[in-house]
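Structure at a glance
One-letter residues, chain by chain:
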Amino acid sequence: MIYSMTYYPRVDDYDLNSRLSYTSMLEVLQSAMIAHSLSIGDAVRSGDIGWVLVDWMVRIIRRPLLNETLEIKTWSAENLSETMALREFEVFARNSGEMLIQASAKMCQLNMKTAQVEKLDPKLADIYKPEKRVLFGDRNRRIAIPEQFDEVKPVIIRRNDFDFNHHVNNPKYLEYVTECLPEELWQQEFGNLRVIYHSSVRRNQMLNMLVRYDDDTVTMILNADDHLAAIFELRK
């Protein structure tokens, strides 16, 4: 089952160059995912069990520009394992039909009390009616961790970064990434984003970002109280 949603971007979705920001990009995809789930009666969180994003893979063909209305298509693919679900996304310019973004998200269901990953209910397949089409052939590719980093930067957590699960909402992590980029790289276009979440970031934790610059790739490691929180890869 393919779910379609029209999105009218807000003024604060854009950066200084009138491009959809990387953070807003993930927020748009997340909104489509939630809308799809709610439309078929699957809550984002029910009791102590909630859906949690584990991994993003995003291919940016062209960043949406100011005043472009977007059409988002999303669908569930076949589960990767008994605990890991896969969801795919395509984003189009609504007026022209031009494809702008392709993305894929790995998700699991987490018990918020025990912090344990739950097995996926087989009945979910009957609800979502998974499609066989997947967008990335290298979906399980790992991010190569550099042996050395060029910089270590402190990251400030803000109160409005937190969601109802009492941890930093997933798209907010990309704000930390862009704030750590030097101006000349922030102005450039990245064609591929990869985010792997390892542990949630909670209030009163101390964050720092390790940054490595290579020819066409920026790799970042976000640590929370010296524990790995997330890995990011931005490729041109």
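Below is a short write-up of the structure.

What counts as what
Residues numbered from 1 in each chain as written. Predicted model: local features only at pLDDT ≥ 70, side-chain atom pairs only at ≥ 80, totals over all residues. Heavy atoms only, no water. Buried < 20%, exposed > 50% of the residue type's maximum accessible area, 1.4 Å probe, protein only. Helix = DSSP H or I, 4+ residues; strand = E, 2+ residues; numbered from the N terminus. Pairing = 2+ DSSP bridges. Salt bridge = Lys/Arg side-chain N within 4 Å of Asp/Glu carboxyl O. Phe/Tyr/Trp six-rings, centres within 6.5 Å; stacked < 30°, edge-to-face > 60°. Core = buried A, V, L, I, M, F, W, Y, C linked by side-chain atoms within 4.5 Å. Contact = heavy atoms within 4.5 Å.

1. A short note on the pairing of strand E11 (residues 217-224)
Here E11 lies mainly inside the structure; eight of its eight residues are buried. Along E11, one buried face is formed by Thr217, Thr219, Ile221 and Asn223 and the opposite face, lined by Val218, Met220, Leu222 and Ala224, is buried too. Relative to E11, strand E10 (residues 207-213) runs antiparallel, the two sharing seven bridges. Across the sheet, valine 211 pairs through a bridge with methionine 220, a residue of E11. Count of turn residues in the E11/strand E12 (residues 227-235) antiparallel hairpin: two residues, of which aspartate 225 carries a positive phi of about 50 degrees.

2. Overview of the pattern of salt bridges
Tallying each qualifying case throughout the model produces 21 salt bridges. The shortest N-O distance in the salt bridge between arginine 63 and glutamate 189 comes to 3.1 Å. Of this pair, arginine 63 sits in the loop between strand E3 (49-60) and strand E4 (70-76) while glutamate 189 sits in the loop between helix H4 (183-186) and strand E9 (192-197), and the two are 126 residues apart along the sequence.

3. Remarks on the packing of aromatic side chains
One pass over the full model with this rule turns up four aromatic pairs. Between tryptophan 56 and phenylalanine 89 the ring centres are 5.6 Å apart and the planes differ by 45 degrees, which places this aromatic pair in the tilted class. On the criterion of sequence distance, the pair formed by tryptophan 56 in strand E3 and phenylalanine 89 in strand E5 (residues 85-93) is long-range, its members being 33 residues apart. On the basis of an interplanar angle of 80 degrees and a centroid distance of 5.1 Å, the ring pair of tyrosine 173 and tyrosine 197 is categorised as edge-to-face. One end of the pair, tyrosine 173, is in helix H3 (residues 172-180); the other, tyrosine 197, is in strand E9, with 24 residues separating them in the sequence. For the pair shown, tyrosine 173 and tyrosine 197 are each scored as buried. Feature note: the residues Tyr173, Tyr176 and Tyr197 constitute an aromatic cluster, connected by ring pairs.

4. Re the nonpolar core
Soluble, globular proteins show a tendency: their nonpolar side chains are buried together. Of all hydrophobic cores here, the largest spans 56 residues; its most connected members are Trp56, Val58, Met209, Met220, Leu222 and Phe232. A per-element tally of this core places helix H1 (residues 22-39) first, with seven residues. Not counting residues up to four positions away in its chain, the partners in contact with leucine 222 are Val155, Tyr173, Tyr176, Val201, Leu207, Asn208, Met209, His227, Leu228, Ala229, Ala230 and Phe232.

5. Here's the deal with the side chain of aspartate 161
The topology assignment puts aspartate 161 in the loop between strand E8 (151-155) and H3. In this structure aspartate 161 touches Ile156, His167, Val168, Asn169, Lys172 and Tyr176, once residues within four positions along its chain are discounted.

Keep in mind these numbers describe shape, not what the thing actually does.
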